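Read off the chains here:
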Amino acid sequence: TGSLEARELVEIGSQVSGTIEGVYKDFNDTVEAGELIALIDPRTLDTQVKSAEADLMRQKANLKRATIQYDRFKPVYDKGFLSGDDFLNYEIAKETAEANVKSSEANLDRAKRNREFAEIRAPISGVIINRDVEEGQTVASSFNTPRLFIIAEDLNLMEILANVDESDIGQIKEGQDVRFTVASYPERNFTGTVTEIRLQPQVIQNVVNYTV
């Protein structure tokens, strides 16, 4: 006995928090990689992007002013008409402004990336086999990434996780042909191949079993 499931399953979550503004795919829908399947309200994230852009403009203006002052007093310092301590202030101001620009650029990149995360897109092509989100629902990604969808890459490729007890496991080898039945189609025999015998045992009703 065992469970039959898709070989490739991908759980889709959200890396940003917010209210689900739209859910565009449902159970059993086929999706293509990169397709938009849900949207988190982007207004707050759009505001963060604009704020980061404004901060970057401000820091670039400060760098421009610090650079002009540095370039103005550098020849004066080189000619000996300005002390090293006085010129050091202009040098430090320019380097600080350069660092602030880099920090603002990083903040802007982070804000834009978070804005992209508001658009929940399918990472692979496949079929949606589970949907755990509704329009209007609030998702919080503070501690754990909330699961929104599960996509099966190809339902033609299935695998069985079968429990084999310790008295029979010695007869199982990788590459063996497998014949199995499912309750839905008792008159049909299906075939497969053993691809893996897991070494970690588990006790089920006082019997040691291995997953094959």
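I will try to describe carefully the structure that is included in this document. Being a predicted model, the structure only gives us computed values, none of them experimental.

Before going further, it helps to spend a moment on helix H1 (residues 43-78). The end-to-end C-alpha distance of H1, which contains 36 residues, comes to 52 Å, matching closely the 52 Å that a straight helix rising 1.5 Å per residue would cover. Taken as a whole, H1 has its buried residues at Leu-45, Val-49, Ala-52, Leu-56, Gln-59, Leu-63, Ala-66 and Tyr-70. Of the surrounding secondary structure, the elements contacted by the buried residues of H1 are helix H2 (84-117). Taken from the residues just after H1, Gly-80 is the one with a positive phi, measuring 85°.

This next bit is on the layout of surface pockets. In this model, the largest pocket occupies a volume close to 960 Å³. In terms of lining, the largest pocket is formed by 33 residues, of which the most central are Glu-159, Ile-160, Val-178, Phe-180 and Thr-193. Looking at the lining of the largest pocket, the elements with two or more residues in it are strand S1 (2-6), strand S10 (158-165), strand S11 (177-182) and strand S12 (185-193). Class assignment of the residues belonging to the lining of the largest pocket gives a composition of 15 nonpolar, 12 polar and 6 charged.

For the rest of this paragraph, the subject is the side chain of Ser-14. Take Ser-14: it is sitting in the loop between strand S2 (9-13) and strand S3 (18-23). The class of Ser-14 is buried, set by a relative accessible area of 0%. In terms of polar contacts, Ser-14 uses its side chain to reach the backbone carbonyl oxygen of Val-16, at 2.5 Å.

Bringing the pairing of S3 into the picture now. Strand direction decides the pairing type here: S3 and strand S8 (residues 138-139), joined by 2 bridges, are antiparallel. The partner of Thr-19 across the bridge, within S8, is Thr-138. Across 3 bridges, the pairing between S3 and strand S5 (residues 36-40) is antiparallel. Residue pairing across strands places Val-23 opposite Ala-38, the latter belonging to S5.

A cluster of nonpolar side chains, contributed by Leu-4, Leu-9, Ile-129, Leu-155 and Met-158, occupies part of the molecular surface with about 390 Å² of accessible area. Take Met-158: it is sitting in strand S10.

Here the focus is the packing of H1 against H2. At their nearest, the axes of H1 and H2 sit 8 Å apart, and the two run at 160° to each other. Considering their axes alone, H1 and H2 lie roughly antiparallel with respect to each other. Considering how the two elements wind past one another, H1 and H2 form a crossing that is left-handed. When grouped by side-chain class, the residues that make up the contact of H1 with H2 number 16 nonpolar, 10 polar and 11 charged.

This part is about the sheet that holds strand S14 (residues 207-211). Ordered by their spatial adjacency, 4 strands build an open sheet running S1-S10-S14-S13, and the pairing between neighbours is antiparallel. The sheet is open, and its two edges are formed by S1 and strand S13 (202-204), each paired on a single side. Ignoring strand direction, the axes of neighbouring strands in this sheet form an average angle of 35°. Across 5 bridges, the pairing between S1 and S10 is antiparallel. Note that in S10 the partner of Ser-3 across the bridge is Leu-161.

This brings us to H2. Here H2 spans 49 Å end to end across 34 residues, near enough to the 50 Å set by a 1.5 Å rise per residue. Among the residues of H2, those classed as buried are Phe-87, Lys-94, Ala-97, Val-101, Ser-104, Leu-108 and Ala-111. Where H2 is buried, its residues touch H1.

Conventions used here
Residues numbered from 1 in each chain as written. Predicted model: local features only at pLDDT ≥ 70, side-chain atom pairs only at ≥ 80, totals over all residues. Heavy atoms only, no water. Helix = DSSP H or I, 4+ residues; strand = E, 2+ residues; numbered from the N terminus. Expected span 1.5 Å × (residues − 1). Buried < 20%, exposed > 50% of the residue type's maximum accessible area, 1.4 Å probe, protein only. Contact = heavy atoms within 4.5 Å. 1 Å grid on protein atoms, 1.4 Å probe; cavity = no way out; pocket = protein on both sides within 12 Å on 5 of 7 lines; lining within 4 Å. Points joined across faces, edges and corners; volume = space filled by probe spheres on them. Nonpolar A, V, L, I, M, F, W, Y, C, P; charged D, E, K, R; others polar. Polar contact = N/O pair within 3.5 Å; in protein donor to acceptor, adjacent residues only side chain to side chain. Pairing = 2+ DSSP bridges. Patch = residues over 30% accessible without salt bridge, like charges linked within 9 Å, V, L, I, M, F, W, Y side chains within 5 Å. Areas by Shrake-Rupley, 256 points an atom, 1.4 Å probe, with all protein chains shown as cover. Salt bridge = Lys/Arg side-chain N within 4 Å of Asp/Glu carboxyl O. Axes fitted to C-alpha atoms, helices over the stretch in contact; angles between N-to-C directions. Parallel < 35°, antiparallel > 145°, perpendicular 65-115°, else oblique. Left-handed = near helix turned anticlockwise from the far one by under 90°.

Everything listed is a geometric property; what it means functionally is a separate question.
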